[in-house]
Structures are given as C-alpha cells and as structure tokens.
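What the coordinates show
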Amino acid sequence: MWAGRTAGALSREADDFNSSIHFDSKMYKQDITGSMQHATMLAACGIITRDESETIISALDEILSDIESGKLEIAQDAEDIHMFVEAELTKRIGDTGKKLHTARSRNDQVALDIRMYLRDETREILHLLCELIEAVTSQAKANRNTIMPGYTHLQRAQPVTFAQHMMAYAMMFIRDTGRLKDAVARMNYSPLGSCALAGTTYPIDRLMTAKALGFDGITLNSMDGVSDRDFCVELLAAYSLIMTHLSRFSEEIILWSSWEFKFIELDDAYTTGSSIMPQKKNSDMAELVRGKTGRVYGDLITLLTLLKGLPLAYNKDMQEDKEAVFDALETVEKCLRVFAPMIKTMRVNSGNMYAAAQKGFINATDLADYLVRKGLPFRTAYKIVGQIVSECIKCGEVLDSMKIDDYKKYSELFDDDLYDAISLQTCVAKRISEGGTGYESVDKQINFVTEFLNNEKNIY
Ligand code: ARG
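Residues numbered from 1 in each chain as written. Predicted model: local features only at pLDDT ≥ 70, side-chain atom pairs only at ≥ 80, totals over all residues. Heavy atoms only, no water.

**Quick look at the packing of helix α6 (residues 106–142) against helix α19 (residues 439–459)**
Orientation of α6 relative to α19, taken along the N-to-C sense of each, is 150°, at an axis distance of 11 Å. Between α6 and α19, the interaxial angle falls into the category roughly antiparallel. In this structure, α6 meets α19 at a crossing whose hand is left-handed. Residues C130, I133, E134, T137, A140 and K141 of α6 touch α19, and the partners they reach there are I446, V449, T450, F452, L453 and E456. (Axes fitted to C-alpha atoms, helices over the stretch in contact; angles between N-to-C directions. Helix = DSSP H or I, 4+ residues; strand = E, 2+ residues; numbered from the N terminus. Parallel < 35°, antiparallel > 145°, perpendicular 65-115°, else oblique. Left-handed = near helix turned anticlockwise from the far one by under 90°. Contact = heavy atoms within 4.5 Å.)

Right under this line is the structure:
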C-alpha cells in the first residue's frame, strides 16, 4: 500500500521479517473502532464529506462483524493489522476507502490501538485480581481461628492465624490493583492526530476522537505521542509485581503441600500425579506460576532494552513492543485464572498447623513480655527466656511443659499464670496492635478488603 517511493518489490524474506500481522491482528477491534471515530471526526471537520464518512463507517462496521463471525479471515500475508483493515476497506468501497488515512499515520494509529488494547485488557486483569482477593479473603474468613507458626528466615517465629497470613496477600493484590489503575490513568490520553510525528496541516479535532474513544484527553506533543511507550513499561512493571506476589504465594503453597508441612491440600482439580511415582500429588499449577514469573520479568526487560537507545520519534524497533506486552498480559491473565480458584478450593489442615505452632518455642517472645509486665526490662527478660529455651531443648521440654519450680530457678517473678500467658491462643489474641494478628485486627482487615471489593464491583 505504501509502494510509490520504491519501485522494486520487497524480497520474500524481508516481507515476512517486516510483517507484524501474526501478533498485532489481536488489535483488530481497537483498530477498527479508532478508524470509525477518525472518519466521524474527518467529516465533522469538513475534511471528507458526510457521505464518505458514513460509507467508510458502515463498511468498517461490516468488516468488524465479519471478522468476529469468522466470515472474514485476517490475511496473514498482510503487513500489519492497520494495513489489512485499510486494504479490506478499499476492496469493499473503492476510492472512498483510500480517504480514511487522511490526517493520520500508522504511527499514531498503532500508538492509539495499543493504548486501547491495554486499557481493555487491564480491566480484565483488575477483575481477575479482585476474584483472587475474594478467594484469599474467603480463606481468611474460614480460618479466623486457625493458628499456625509465622516464620522469619523460614524458622518458626511467632504464632499467627492463617487468616492474618492470607490477608497479607490481600494487601499485596490490592496494591497491585492500585498500580494498574495509576498506569492506566497516565496512559489514557489519545495520541491520535499526532500523525507521523509532527502533527498535520488538516484542521482536525483531536479532542473529539479522544472523547469518543474514552480517553481523558490528548497527548500534548506529537513527537512524544507517537514514540511514547512508557505506559507499556509501567504496565509490565505492574504485571511483574503481580507475578512476584503470585510467585511468593506459589512458593508457600508448594511448601505447605509437602509432606514435611502438610498445612494445606490443594483440590484434585489443581494438582497432577507423577507418571512413575504413584504416591505423588504435585502442585504443578503453583510451580508453573512461579516459573512463568521469569517470563514476565523478561518481557519487561525486553521492553526497557528496546526503548533505551531509540531516537525520536517512531522507529520500527517499536513494532517489537507488542509481542513482549501481549506475552506478559496473557501470562498474567492465565496465571490469575487458575490461581484464584486454586486458592478458593484448597483445604486447610488446621490440626497440622497448630501442631507445628506448638513446637519451635514460638511463644518465647510472649514469655519475655510476661516478665516485662512483671517489671523486668525487656533485654533482661529476653536473656532469661533465652536461657530457659536452651534448657528446654536440652531436656526435651517446651515452654508450656516446663514445671513452675524449674521456672522459678530463673526468676521469682514466674508464677502459675505464665502458662495462660504463653498459650498460643493468648499469644494471638494479645497481639492487639493495629495490623497485628489479634482477632479484632484481622476482622478489621477483612472488613477493609470486603469494602474494597464492593467498591470495585461498582466500578467494573
Ligand atoms: N506495525 C507497525 C508497528 O507495530 C505499525 C507502524 C508502522 N509505521 C511505519 N512508519 N512503518 O509499529
């Protein structure tokens, strides 16, 4: 379609190499919608006639429904989706179709299409994130009283509830939704009308197309409008963090499912067996999510590297943005689709969690706090409890089983009430500080997240 300047045909290899149709055909809907509004605007500004505009729009409408019904196949030998739609239009309505590209370039067209595509898809990711937050919260609600060891350095540290552990993930995923919304808010300015790089001599109305296409405004510099891909980087960075969170969660799911922990059991629908070892129930989905995280990070790096040396404005290098962006998007989407129901259906083995919490001296901090309440400075209390733990380990006791007389050898401040003070239930219930694992604090978190989800439902 751009033949004119060059007389010779492109070699077959170069033609294939140059073509992006096999990945950018995904954006057919955004491309056609953008073109329809462009045609409307051209007529409104007197650049083409109303008749011409109407002919173009109804033909574009038909092309869209023909693609969607499968009647029209997107030709894989086209250069890209923009060229394909325009060629099909011209095939259908002749010379009038050739007027669509007035006051436009593929450079602003592709910048428009990818923004619209990412905006639509990000809405879907937000929706999926909310389903995951909902799944995590339902586990929290069901396990309000489930006590487990909380870990630091993967060593048993202090008792927490499984609800508190689940709500930690809810907070991460809520931040993820915020990051996506921030990125979309910055992205949602229309570049259409930037044309090739310098704007146009036609009296176009950029705000008109921007509004009609759901943008909050227009990009203010035409060279930036066609060459900016910051929004792709921002979104991929946000996707990368979603994957980081999913990957950490996956790691815990995998550990918790092991025979060594046996804290949870995944539903059969989300596990696989081994082809040789009959006893196995593997958490393949979680492992795949953890593995696919590397892919999304790679996509982000691809994009950053792609952009770092590019002079203004458009360069063909930028065609390479799409595969990375689409791959990241699809990966995150697929991961979220399997993750939310996997979490929702997992069974929690509260008995094993409790048993693990009883070992490992995870109430040692509370024993020190007990002495502090009786008047000792914390560091002194800390030292005494350290010595007691050491003795317990030597004689195979735990803090709960050591006799009061033995305690008194370390401090006269110890009394019978210490056993209640260091029971796991007390340890949890007494953690009343904001955000702590205390029951009320967790309820507050659950309420906060429930409200968040209700608000989101009103938006999407
Ligand atoms: N397929 C191209 C892309 O994705 C469209 C823009 C082509 N513009 C150009 N001047 N060759 O970037």
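**Some words on the site of the ligand**
What surrounds the ligand is the set S20, D24, D80, H82, R106, N107, V110, Y314, Q319 and K322. In the model, a nitrogen atom of the ligand is placed 2.9 Å from a nitrogen or oxygen of the N107 side chain. Side-chain polar atom of Q319 to a nitrogen atom of the ligand: 2.8 Å apart, as the coordinates give it. Protein chains bury 86% of the 350 Å² of accessible surface belonging to the ligand in isolation. Element by element, the count of residues in the shell around the ligand is highest for α6, at three residues. For the shell around the ligand, the residue count by class is two nonpolar, four polar and four charged. (Near = heavy atom within 4 Å. Polar contact = N/O pair within 3.5 Å; in protein donor to acceptor, adjacent residues only side chain to side chain. Areas by Shrake-Rupley, 256 points an atom, 1.4 Å probe, with all protein chains shown as cover. Nonpolar A, V, L, I, M, F, W, Y, C, P; charged D, E, K, R; others polar.)

**Looking at helix α4 (residues 50–69)**
For α4, which comprises 20 residues, the first-to-last C-alpha distance of 28 Å matches the rise-based estimate of 28 Å (1.5 Å per residue) to within 8%. Three or more residues of α4 are buried, namely E52, S53, I56, A59, L60, I63, L64, D66 and I67. Projected down its long axis, α4 shows its buried positions confined to an angular sector of 165°, all on one face. Set apart from the buried face of α4 by more than 90 degrees, the exposed residues are R50, D51, E54 and S69. Tucked inside the fold, the buried residues of α4 contact α3 (28–44) and α5 (81–93). Backbone geometry just downstream of α4 places G70 in the positive-phi region, at approximately 90°. (Expected span 1.5 Å × (residues − 1). Buried < 20%, exposed > 50% of the residue type's maximum accessible area, 1.4 Å probe, protein only. Arc of directions from axis to C-beta.)

**Quick word on the pattern of salt bridges**
Inspection of the entire model under this criterion finds 31 salt bridges. In this structure, E124 engages R337 in a salt bridge whose closest nitrogen and oxygen atoms are separated by 3.1 Å. Here the residue E124 occupies a position in helix α6, and R337 occupies one in helix α12 (residues 321–345), the gap between them amounting to 213 residues. Judged by relative accessible area, which is 26%, E124 ranks as partly exposed. (Salt bridge = Lys/Arg side-chain N within 4 Å of Asp/Glu carboxyl O.)

**Topic: the packing of helix α14 (residues 364–373) against helix α15 (residues 378–395)**
A pair of packed helices is captured by two measures, namely the crossing angle of their axes and the spacing between those axes. Look at α14 against α15: their axes get within 8 Å of each other, and the N-to-C directions meet at 135°. The orientation of α14 with respect to α15, classified from their angle, is oblique. You can see that α14 and α15 cross each other, and the crossing is right-handed. For the pair α14 and α15, the contacting residues are A364, L367, A368, D369, L371 and V372 in the first and F378, A381, Y382, I384, V385, I388 and V389 in the second. Taken together, the residues that form the contact of α14 with α15 break down as 12 nonpolar, no polar and one charged.

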